[in-house]
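Chain residues, written in single-letter form:
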Amino acid sequence: MNTPEATSTPGVRTPDADGLLAEQLLRLTRRLHRVQKLHLEPVGITPAQSRLLRTVAHYDHPPRMADLAERLEVVPRAVTSLVDGLEAAGRVRRVADPTNRRVIRIELTDAGRATLRALRSARRAAAEDILAPLTVDQREVLGGLLSALVDHVPERRC
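Calculation notes
Residues numbered from 1 in each chain as written. Predicted model: local features only at pLDDT ≥ 70, side-chain atom pairs only at ≥ 80, totals over all residues. Heavy atoms only, no water. Helix = DSSP H or I, 4+ residues; strand = E, 2+ residues; numbered from the N terminus. Buried < 20%, exposed > 50% of the residue type's maximum accessible area, 1.4 Å probe, protein only. Contact = heavy atoms within 4.5 Å. Areas by Shrake-Rupley, 256 points an atom, 1.4 Å probe, with all protein chains shown as cover. Salt bridge = Lys/Arg side-chain N within 4 Å of Asp/Glu carboxyl O. Lys, Arg positive; Asp, Glu negative; His and termini not counted. Polar contact = N/O pair within 3.5 Å; in protein donor to acceptor, adjacent residues only side chain to side chain. Axes fitted to C-alpha atoms, helices over the stretch in contact; angles between N-to-C directions. Parallel < 35°, antiparallel > 145°, perpendicular 65-115°, else oblique. Left-handed = near helix turned anticlockwise from the far one by under 90°. Nonpolar A, V, L, I, M, F, W, Y, C, P; charged D, E, K, R; others polar. Expected span 1.5 Å × (residues − 1). Core = buried A, V, L, I, M, F, W, Y, C linked by side-chain atoms within 4.5 Å. pLDDT = per-residue confidence, 0-100.

Quick look at the overall build of the protein chain now. Along the protein chain, the regular secondary structure elements total six helices and two strands. Listing every helix and strand of the protein chain by position from the N terminus yields α-α-α-α-β-β-α-α. Counting all 158 residues of the protein chain, 23% fall into the buried class. Restricting the contact set of the protein chain to residue pairs at least 6 apart, pairs at least 24 apart contribute 46%. For the protein chain, the accessible area works out to roughly 11,600 Å², and carbon and sulfur atoms hold 55% of it.

Where charged atoms from two side chains of opposite charge come close, those side chains can pair. If you walk through the whole model with that rule in mind, you get eight salt bridges. Among the ionic pairs, D67 bridges to R64, the shortest N-O distance being 2.8 Å. On the basis of relative accessibility, which here comes to 18%, the residue D67 falls in the buried class. Here R113 makes a salt bridge to D110, at a shortest N to O gap of 3.0 Å. A residue pair is termed a helical-turn pair when its members lie 3 or 4 positions apart in one helix, as R113 and D110 do in helix α5 (residues 110-131) at three residues. In this structure R113 comes out as partly exposed when scored by relative accessible area, which is 37%. Put simply, D84, E87 and R94 are held in one network by salt bridges that share partners.

Note that R91 resides in the loop between α4 (76-88) and β1 (92-96). Of the side chains with opposite charge, D110 comes closest to the buried, unpaired R91, at an N-O distance of 13 Å. Reaching out from R91, the side chain makes a polar contact with the side chain of T115 at a distance of 2.8 Å. The residues touching R91, leaving out its near neighbours within four places in the chain, are V43, G44, I45, L53, L86, E107, L108, T109, A111, G112 and T115.

Looking now at the packing of helix α2 (residues 47-58) against helix α3 (residues 65-72). α3 packs onto α2 with a crossing angle of 115° between their chain directions and a minimal axis gap of 11 Å. One finds that α2 runs roughly perpendicular with respect to α3. The two elements α2 and α3 cross, and the hand of that crossing is right-handed. Packed against α2, whose contacting residues are R51, L52, T55, V56 and H58, the element α3 presents L68, R71 and L72 at the interface. When its residues are assigned to classes, the contact of α2 with α3 shows four nonpolar, two polar and two charged.

Compared with the 16 Å implied by 1.5 Å per residue over twelve residues, the 17 Å span of α2 between its first and last C-alpha is a close match. Residues of α2 that are buried: P47, Q49, S50, L52, L53, T55 and V56. Against α1 (17-40), α3, α4, β1, β2 (104-108) and α5 lie the buried residues of α2.

Counting residues in hydrophobic clusters, the biggest one holds 20 residues, and the most contacted among them are L52, L53 and V79. The set of elements that each furnish at least two residues to this core consists of α2, α3, α4, β2 and α5. Leaving out residues up to four positions away in the same chain, L53 has contacts with I45, L86, R91, V92, L108, G112, T115, L116 and L119.

Residues shown with low pLDDT carry predicted positions that ought not to be read at fine detail. Mean pLDDT for the protein chain: 87, with 87% of residues reaching 70 or above. Scored below 50 in pLDDT, residues 1-6 shows nine contacts in the model against residues more than four places distant or in partner chains.

What follows is the structure, given as structure tokens:
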């Protein structure tokens, strides 16, 4: 591992534990992204398109572009670009809202549903690559720790 040593060396400032942990999380995030991208290549989809496709699938009814942008926490223009790519590949289609023709909704196509099935396998394989060094018990502990970090909503300070 190419992390700075935590031992003291005269004249060299040692990194703090939280800073080192943050750096490890960033490195893991980058590695996870690379591994996921590698596994998604045969499916012909980017990680961002994968996320959008999975998000569309979670709605009971086809969502509006604004709904997707809010859920993904991105600007609407980013959703437009992702939808353009998925639509060109035949995985989603834009449809008019039945109650307001000015509103455009995004729905999955049969090809989109097939892609979702392929994505599940690719994501499982990517996760297995990342988690391979861990035992079942370590994976359980990691899951609990990640849940604590993801679910924690910090207080806003003025």
